[in-house]
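What follows is each chain in one-letter form.
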Amino acid sequence: MKNETKMSAEKVVNETLKQPKPKLMNIKIEKLHPFENHPYKVLDDESMKELVGSIKEYGLLNRIIVRPMDDAPEEYEIISGHRRVHAADLLEMKEVPAVVHFIDRDEATVMMVDSNCQRENLTLMEKARSYRMKLDAIRHQGASRQSVEKSEVSAELISDTDSGRTVQRLIRLTYLVPELQEYVDGGKMKMLPAYELSFLDEEAQRDIVDRITETETFPSHAQARRMRRSFEEGKLDYDAVTEIMNELKPNQVEKLKIPMDDIRKYVPKSMTPSEMQAYLLKLVKQDYERQHTRDAR
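An account of the accompanying structure is given in this report. Values in this document were obtained by computation on a predicted structure and should not be read as measured data.

1. Re the packing of aromatic side chains
To describe a pair of aromatic rings, you give the distance between the ring centres and the angle between the ring planes.
Then, in step 1: Taken as a whole and assessed by the stated rule, the structure comprises 2 aromatic pairs.
Then, in step 2: Where Tyr183 meets Phe218, the ring centres are 5.0 Å apart and the plane angle is 80°; that geometry is what we call edge-to-face. Linking Tyr183 in helix α7 (residues 178–185) with Phe218 in the loop between α9 (202–215) and α10 (221–232), this pair joins segments that are 35 residues apart in sequence.
Then, in step 3: Under the relative-accessibility criterion, Tyr183 is labelled buried at 17%.

2. As for unusual backbone geometry
Then, in step 1: With a phi angle near 60°, Asn37 is a residue other than glycine that sits in the positive phi range.
Then, in step 2: Here Asn37 lies in the loop between β2 (32–33) and α2 (46–58).
Then, in step 3: Judged by relative accessible area, which is 64%, Asn37 ranks as exposed.

3. Regarding the pattern of salt bridges
Then, in step 1: By the definition in use, this model includes 17 salt bridges.
Then, in step 2: Residues Asp185 and Lys41 are paired through a salt bridge, measuring 3.3 Å at the closest nitrogen-oxygen approach. Linking Asp185 in helix α7 with Lys41 in the loop between β2 and α2, this pair joins segments that are 144 residues apart in sequence.
Then, in step 3: By relative accessible area, Lys41 is classed as partly exposed at 40%.

4. Topic: α9
Then, in step 1: In this model, α9 (14 residues) spans 20 Å end to end at C-alpha, consistent with the 20 Å of a helix rising 1.5 Å per residue.
Then, in step 2: Here α9 has its buried residues at Ala204, Gln205, Asp207, Ile208, Val209, Arg211 and Ile212.
Then, in step 3: Contact partners of the buried residues in α9: α7, α8 (191–197), α10 and α11 (238–246).
Then, in step 4: Just past α9, the residue Glu216 takes up positive phi, approximately 55°.

5. Details of the nonpolar core
Then, in step 1: By size, the foremost hydrophobic cluster in this structure holds 47 residues, and its most contacted members are Leu173 and Met189.
Then, in step 2: When contributions to this core are tallied by element, the ones reaching two or more residues are α4 (105–116), α5 (124–145), α6 (164–172), α7, α8, α9, α10 and α11.
Then, in step 3: In terms of residue count, the dominant contributor to this core is α5 (7 residues).
Then, in step 4: The residues contacting Met189, other than those within four sequence positions of it, are Leu180, Tyr183, Val184, Ala194, Leu197, Ile212, Phe218 and Pro219.
Then, in step 5: One finds Ile55, Ile64, Tyr76 and Ile78 within the second-largest nonpolar core, a separate group that totals 18 residues.

Scoring rules and cut-offs
- Residues numbered from 1 in each chain as written.
- Predicted model: local features only at pLDDT ≥ 70, side-chain atom pairs only at ≥ 80, totals over all residues.
- Heavy atoms only, no water.
- Phe/Tyr/Trp six-rings, centres within 6.5 Å; stacked < 30°, edge-to-face > 60°.
- Helix = DSSP H or I, 4+ residues; strand = E, 2+ residues; numbered from the N terminus.
- Buried < 20%, exposed > 50% of the residue type's maximum accessible area, 1.4 Å probe, protein only.
- Salt bridge = Lys/Arg side-chain N within 4 Å of Asp/Glu carboxyl O.
- Expected span 1.5 Å × (residues − 1).
- Contact = heavy atoms within 4.5 Å.
- Core = buried A, V, L, I, M, F, W, Y, C linked by side-chain atoms within 4.5 Å.

This is the structure we're talking about:
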């Protein structure tokens, strides 16, 4: 077994040594193609306007990263630099400076995720999809090279910045139906309730989508946990979803706020806030009972 592992490791090293070194060159924009299924949005927003202005004034300061297309070596797939290429295209530039890496798709996927996940403006779903792509790539590399078993891929291998638990939760978000993913992407649904809902099957998730559409409200983390528990018990249907989402959330309960100084003058100085609350409730109750008794006469 040790000899087989050693031979496999030597094979990987030899294959790496055979790879051509990265090449610096200028590439025509018409020969550049987006990375297949890349999860990052390229928007014509304010940030893009700033990037266009920067490139117009200073030029492209950082080379984009590409690799030759598998089926067309004279064409190139963008690994990093989709926004820069779009900005250059808006400026009607003919070509852009690039670093060409001669690597396979799995290596390119890992490089793409690592080079893009440092951006601060990524949405939760962009990060979730990229982590899922990197996980799948590492697993595929492990299966093909026998260097990492599929079950042994650790979340720590996926990110240097997010904790293993956060990585696991983010990857789970990719199991949501598209409508729920859009809610997460738009900031309408938080990560924790979305994480709980990701364990539901498609039918149950679509019941939740329908209920959100009808009420324009979103489940809280506690409600999402109850839905997951009901689903695992085989008790979750549309009526159960409706019942759970109809419950009043803690942040929907009206709260009475009274300045502490307004109360302190009427109670002993030693009384704690919780004791004040109990004291006030007692007085209100006594007044209610007195009024009720008088009205009953």
